[in-house]
Amino acid sequence: TSSNLFSSKLQLSLSLSLSLSLIVPLPYHLISIPSRMSSEEAKVVVPRNFRLLEELERGEKGIGDGTVSYGMDDADDIYMQSWTGTILGPHNTAYEGKIFQLKLFCGKEYPESPPSVKFQTRINMACVNPDTGVVEPSLFPMLTNWRREYTMEDILVKLKKEMMTSHNRKLAQPPEGTEEARADPKGPAKCCVM
């Protein structure tokens, strides 16, 4: 009967869907958890390298308005620890017309712990150590209150917004002759436009 035929097709379809889902993993944000599971059971944790691959893919696609970008510092870094970021100085600020290069280092605990962030380009900004270029976690709330779902892109966007705050936007910047980047032993980095 047509009812049995429909039932057989439905079972085959569900069986194929289940089989494919075991073979082709879905991005973590597409996985749905049944509501009857407790919050402890429902927590899906994406492994570090998958998360970093996802961030790399997003950076390579150039998502965003193009004023922040990021990419791997070294394509041979199998641990995906060393990254480079770029922020274009926002309009109507002391940073306008400047390109700021940053280094982000994702340790073994990333994304449970934030990456370390350091400006390679000299900059005057309240949350940045003027001698080392390190973004001080105690002065940059996003790093202090780090959450696993934050990304390197989020950090760059937040730093750009920080440049536009009233206490940073008019800070005098290093004179033009002192714009040399802080030394990087690895040399120039490959970057992905956002």
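Structure: above.
Here's what I pulled together on the structure shown here. Please read these numbers as outputs of a predicted model, since none were measured by experiment.

Within the secondary structure layout, K108 lies in the loop between β3 (99–105) and β4 (116–119). Between the alpha carbons of K108 and N49 there is a distance of 9.8 Å; along the sequence they are 59 residues apart.

Right, let's talk about helix α5 (residues 152–163) for a bit. Here α5 contains 12 residues, and its C-alpha end-to-end distance of 17 Å stays within 8% of the 16 Å for a straight helix at 1.5 Å per residue. Considered for burial, the residues of α5 that qualify are M152, E153, I155, L156, L159, K160, E162 and M163. Packing partners of the buried residues in α5 comprise α3 (48–61), β1 (68–72), β2 (82–88), β3, β4 and α4 (141–144).

One pass over the full model with this rule turns up 5 aromatic pairs. On the numbers, 6.3 Å between centres and 40 degrees between planes, the contact of Y70 with W83 is tilted. With Y70 in strand β1 and W83 in strand β2, this residue pair connects regions lying 13 residues apart in the sequence. Each member of the pair, Y70 as well as W83, carries the same accessibility label: buried. Here a set of aromatic residues connected by ring pairs shows up, and it is made of Y95, F100 and F119.

Attention shifts here to α3. Helix length check: α3 (14 residues) gives 20 Å between terminal C-alpha atoms against 20 Å at 1.5 Å per residue, within 8%. Taken residue by residue, α3 has R48, R51, L52, E55, L56 and G59 as its buried positions. Down the axis, α3 shows its buried residues gathered within 140 degrees of arc, on one side only. Residues of α3 that are exposed and angled more than 90 degrees away from the buried face: F50, E60 and K61. In this structure, the buried residues of α3 make contact with β1, β2 and α5. G62 sits one or two residues past α3 and shows a positive phi near 70 degrees.

Glancing now at the pattern of salt bridges. One pass over the full model with this rule turns up 7 salt bridges. Among the salt bridges present, the one from R58 reaches E153, with a minimum N-O distance of 2.5 Å. Here R58, found in helix α3, pairs with E153, found in helix α5; they are 95 residues apart in sequence, far enough to count as distant. With a relative accessible area of 35%, R58 lands in the partly exposed category. Of the residues examined, E153 reaches a relative accessible area of 11% and is grouped as buried. Between R147 and E149 there is a salt bridge, and its shortest N-O distance comes to 2.6 Å. Exposure remark for R147: the relative accessible area of 45% places this residue in the partly exposed category. The partly exposed category is assigned to E149, whose relative accessible area is 47%.

Thresholds applied
- Residues numbered from 1 in each chain as written.
- Predicted model: local features only at pLDDT ≥ 70, side-chain atom pairs only at ≥ 80, totals over all residues.
- Heavy atoms only, no water.
- Helix = DSSP H or I, 4+ residues; strand = E, 2+ residues; numbered from the N terminus.
- Expected span 1.5 Å × (residues − 1).
- Buried < 20%, exposed > 50% of the residue type's maximum accessible area, 1.4 Å probe, protein only.
- Contact = heavy atoms within 4.5 Å.
- Phe/Tyr/Trp six-rings, centres within 6.5 Å; stacked < 30°, edge-to-face > 60°.
- Arc of directions from axis to C-beta.
- Salt bridge = Lys/Arg side-chain N within 4 Å of Asp/Glu carboxyl O.

It is worth stressing that arrangement in space is one thing and function is another; only the former is reported here.
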